[in-house]
Amino acid sequence: SWMTYFPPASLARLEELILPEELGVQLSEISQALASGKAKGIIVRGPRRNGRRTAIKGIAKSLSRGVLEIVGLDKADDERWKTVGPLATALNAMPLVVPELSPGQSVDLPPLSAYDGPIALVLGRQGGVSGTWAERSIVVHFDTPESAERKAHWIAGAGTSGVGDIDAVAERYR
């Protein structure tokens, strides 16, 4: 499906996420900027599978919103965009746009009708962004988690039983 809704109750709080302290503080500040209207959106860049979407969901929860995840809408003239704004408003959800871009491509997000809240965009390290909301968005770069963070993720996800040398596992598997 190209659209998935995540209600606020299903989202982890920012404080519950395993993040470097500096990034946690930065995300909290971004949440405050979105709540106050100083920023219109957030663009999170970085490698795949490193918590970009989870962090955005934590920000949405801090704003008492759910998330409406939009995958693969890369063209501004796609008719499906017409449903995103009204649905996000009806669900009190922040649109989380995950375009599927090739190197050198960019995404142009159209204005969302019937929606005036924050928008989030997840990108790799490459790819451009355009659209009026992008000018008032905050960009955050996620790096690959360090060994200590990976260890905490392994323990949170699998516990310590049956893993063997958890330090070696955290060092080897990124």
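As the structure is a prediction and not an experimental result, all values here were calculated from the model. (Residues numbered from 1 in each chain as written. Predicted model: local features only at pLDDT ≥ 70, side-chain atom pairs only at ≥ 80, totals over all residues. Heavy atoms only, no water.)

Novice: Could you give an account of the pattern of salt bridges, naming the residues involved and the relevant values?
Specialist: This structure, assessed with the given rule, holds seven salt bridges. Between Lys40 and Asp116 there is a salt bridge, and its shortest N-O distance comes to 3.0 Å. With Lys40 in the loop between helix H1 (21-36) and strand E2 (41-45) and Asp116 in the loop between strand E5 (106-108) and strand E6 (119-123), this pair connects stretches of sequence that are 76 residues apart. For Glu69, the salt bridge is made with Lys57, and the minimal N-O distance between the two is 3.7 Å. One end of the pair, Glu69, is in strand E3 (residues 66-71); the other, Lys57, is in helix H2 (residues 52-62), and 12 residues separate them in sequence. Comparing Glu69 with Lys57, the two get one shared label, buried. (Salt bridge = Lys/Arg side-chain N within 4 Å of Asp/Glu carboxyl O. Helix = DSSP H or I, 4+ residues; strand = E, 2+ residues; numbered from the N terminus. Buried < 20%, exposed > 50% of the residue type's maximum accessible area, 1.4 Å probe, protein only.)

Novice: Pulling in residues and values, what's your account of the sheet that holds E3?
Specialist: Pairing in this open sheet of six strands is mixed, and the strands run E1-E3-E4-E6-E2-E8 from one edge to the other. Because the sheet does not close on itself, it has two edges, and the strands there are strand E1 (3-6) and strand E8 (137-141). For this sheet, the mean inter-axis angle between neighbouring strands, taken without regard to orientation, is 20°. Bridge analysis of E3 against strand E4 (residues 93-98) gives six bridges, and the strand direction is parallel. Residue pairing in the sheet places Leu68 in a bridge with Pro95 of E4. Helix-sheet contacts for H2 involve E1, E2, E3, E4 and E6, and the interaxial angle to E4 is about 165°. (Pairing = 2+ DSSP bridges. Axes fitted to C-alpha atoms, helices over the stretch in contact; angles between N-to-C directions. Contact = heavy atoms within 4.5 Å.)

Novice: Give a description of a nonpolar patch on the surface that names residues and reports values.
Specialist: Taken together, the side chains of Tyr5, Leu87 and Leu91 present a nonpolar region at the surface, about 210 Å² in accessible area. Along the polypeptide, Leu87 turns up in helix H3 (residues 81-91). The class of Leu87 is partly exposed, set by a relative accessible area of 31%. (Patch = residues over 30% accessible without salt bridge, like charges linked within 9 Å, V, L, I, M, F, W, Y side chains within 5 Å. Areas by Shrake-Rupley, 256 points an atom, 1.4 Å probe, with all protein chains shown as cover.)

Novice: Break down the nonpolar core for me, citing the residues and quoting the values.
Specialist: If you look at soluble globular proteins, the nonpolar side chains tend to sit buried side by side. Judged by nonpolar contacts, the single largest core of 43 residues is most densely connected at Leu27, Ile42, Ile59, Trp81, Leu109 and Leu121. Mapped onto this core, the elements with two or more residues apiece are H1, E2, H2, E3, H3, E4 and E6. Discounting chain neighbours no more than four positions away, the residues touching Leu27 are Leu14, Leu19, Ile42, Ala55, Ile59 and Phe142. (Core = buried A, V, L, I, M, F, W, Y, C linked by side-chain atoms within 4.5 Å.)

Novice: Would you mind going over the pairing of E6 in detail, with residue names and values included?
Specialist: The element E6 is largely enclosed, with a buried count of five among its five residues. The side-chain alternation of E6 yields two buried faces, one formed by Ile119, Leu121 and Leu123 and the other by Ala120 and Val122. Judged from the two bridges that link them, E4 and E6 form a sheet pairing that is parallel. Each bridged residue has a counterpart across the sheet, and for Val97 the counterpart in E6 is Leu121.

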